[in-house]
Amino acid sequence: MPSAPLGPPTPLLVAAEEFVRGFAAESTQPVDVEARLREIRAESAAHGTYTHTPEELAFGARVAWRNAARCIGRLYWRSLVVRDLRQVRRPDDVAEQCFEHLRLAANGGRIRPVVTVLAPDLPGRPAPRLLNEQLVRYACDPRSAERAALARELGWKGGEGPFETLPLLVQSSPERPPDCYELPDDAVHEVRLTHPTEPGFTDLGLRWYSVPAVSDMTLEIGGVRYPCAPFNGWYMGTEIGSRNLADRDRYDRLRAVAELFDLDTSSERTLWRDRALVELNAAVLHSFADAGVTIADHHTESRRFVTHVEREQRHGRPVPTDWSWIVPPLSGGATAVFHRYYDPPDPHARPAFLRRDGAWGEPYGG
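Bear in mind that the values here come from a model prediction, so they are computed numbers and not experimental data. (Residues numbered from 1 in each chain as written. Predicted model: local features only at pLDDT ≥ 70, side-chain atom pairs only at ≥ 80, totals over all residues. Heavy atoms only, no water.)

## Quick word on the sheet that holds strand S3 (residues 129-130)
Taken in spatial order, the 3 strands of this open sheet run S3-S4-S5, and their pairing is antiparallel. Two strands bound the open sheet, and with one partner strand each, they are S3 and strand S5 (179-181). Both S3 and strand S4 (residues 168-171) contribute to a ladder of 2 bridges, which runs antiparallel. The residue bridging Arg129 from the neighbouring strand is Gln171, located in S4. Contacts between helix H4 (residues 91-106) and the sheet are confined to S3, S4 and S5, with S4 contributing the most and set at about 140° to the helix. (Pairing = 2+ DSSP bridges. Helix = DSSP H or I, 4+ residues; strand = E, 2+ residues; numbered from the N terminus. Contact = heavy atoms within 4.5 Å. Axes fitted to C-alpha atoms, helices over the stretch in contact; angles between N-to-C directions.)

Here it is as structure tokens:
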């Protein structure tokens, strides 16, 4: 029997058909593709959109992680815990589910990859957005400056200490100011940094949170957009030790570490920055391990990513990869991911977590 036409090739229906066929091809259960496409056509004709089944949503979210060109931890994409909370729209409920996301992901230190999928955009009714870059960020982190200023405009009185968490900012519509929510103490799991051989390291007063939950991207599955879908894996140590705490436009702590270890900072040729980076990264890995919190080192995670690439190639699937993000910012040339070529990032790959031009701007990229 010839397949039933899907209807006029609107962008939504074209995207829906591509997704459903991809879902059917990888599903362990039989999928009646033509029947499902007829359902989608009828629903979109009536409502201008359609609703994913729970199975489609879970598959789409996991494949979006698989397609994330900047993520080195994609070997575990099948293990992503998908929280289906598409009925949640009220800002109070959005905030509470974000806090619960952090509790579930922290998991007593055994970090779980989790995505919380909240309400989708509907025709003429955009869903709420999170204005935070991550569910947890520190207000005095220079990267948080604009959001911290906005929170203060909304009446927040905090942000004085170097590691005070920024409140959650939930905006229900472009016309309304965002609502501001303090993060409960039990939702923010942190690790205080110590060093395996230098007791004085604790005097630097450094710490970092354990769940890196990205919250400012849109999850797009089969043409349907979920603008509020925070997701996390676990940290690779260099993200904290080589970027968050070391970058000059972030916490910029390399010189303080160098002074602690009495390194010669008189010239770049002494490689004091490199040596301080190693000590700072050693402290991060030591501290997380000592606290029983999941973290990956860049050598192990690089080998795992190569395993992921090889596994995907056996399935005949490309692995879109942004080399500049995959190669670690410490000892890159000594890792397994350095001396390789990869499939280039595909801005059209779907499903995907997409960057946005502002909270209400159009999603773009892959």
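## Things to note about the pattern of salt bridges
As enumerated under the stated definition, the model contains 26 salt bridges in all. One salt bridge connects Arg36 with Glu56, and the closest N-O pair in it is separated by 2.8 Å. Within this pair, whereas Arg36 is found in helix H2 (residues 33-47), its partner Glu56 is found in helix H3 (residues 54-66), the two being separated by 20 residues in sequence. Taking relative accessible area as the criterion, Glu56 reaches 3% and is therefore assigned buried. Close ionic contact of Asp186 with Arg103 constitutes a salt bridge, the shortest N to O distance being 3.1 Å. (Salt bridge = Lys/Arg side-chain N within 4 Å of Asp/Glu carboxyl O. Buried < 20%, exposed > 50% of the residue type's maximum accessible area, 1.4 Å probe, protein only.)

## Overview of the packing of helix H1 (residues 11-26) against H3
The contact between H1 and H3 brings their axes to 11 Å, and the two run at 90°. One way to sum up the angle between H1 and H3 is to call them roughly perpendicular. On H3, the residues that touch Phe19, Val20, Gly22, Phe23 and Glu26 of H1 are Glu55, Glu56, Phe59, Gly60 and Arg66. Residue composition of the contact of H1 with H3, grouped by class: 4 nonpolar, 2 polar and 4 charged. (Parallel < 35°, antiparallel > 145°, perpendicular 65-115°, else oblique. Nonpolar A, V, L, I, M, F, W, Y, C, P; charged D, E, K, R; others polar.)

## Some words on the sheet that holds strand S10 (residues 224-226)
Sheets are built from strands that pair by backbone hydrogen bonding, the pairs being arranged parallel or antiparallel. Within the open sheet, the 4 strands sit side by side as S10-S9-S12-S13. Their pairing is antiparallel. With one partner strand each, in any of the chains shown, S10 and strand S13 (363-364) form the two edges of the open sheet. Pairing between strand S9 (residues 218-221) and S10: 3 bridges, direction antiparallel. Residue pairing for S10: Ile221 is matched across the bridge by Val224. With respect to the sheet, H3 is in contact with S9, S10 and strand S12 (352-356), its orientation differing from that of S9 by roughly 120°.

## Brief notes about the environment of Leu254
Position of Leu254 relative to the elements: it lies in helix H7 (residues 254-260). In this structure the C-alpha to C-alpha distance between Leu254 and Thr307, which are 53 residues apart in sequence, comes to 33 Å. Among residues more than four places away in sequence, those in contact with Leu254 are Ala246, Trp272, Arg273, Ala276, Leu277 and Leu280.

## Structural notes on the packing of helix H6 (residues 237-244) against helix H8 (residues 272-290)
The interhelical angle for the contact between H6 and H8, taken along N-to-C directions, is 140°, at an axis separation of 9 Å. Taken together, the axes of H6 and H8 lie oblique to each other. With respect to the hand of their crossing, H6 and H8 are arranged in right-handed fashion. Along its contact with H6, which presents Gly237, Thr238, Ile240, Gly241 and Ser242, the element H8 presents Leu277, Leu280, Asn281, Val284, Leu285 and Phe288. Here the contact of H6 with H8 is built from residues that sort into 6 nonpolar, 5 polar and no charged. (Left-handed = near helix turned anticlockwise from the far one by under 90°.)

Just geometry here; none of it tells us what the structure is for.
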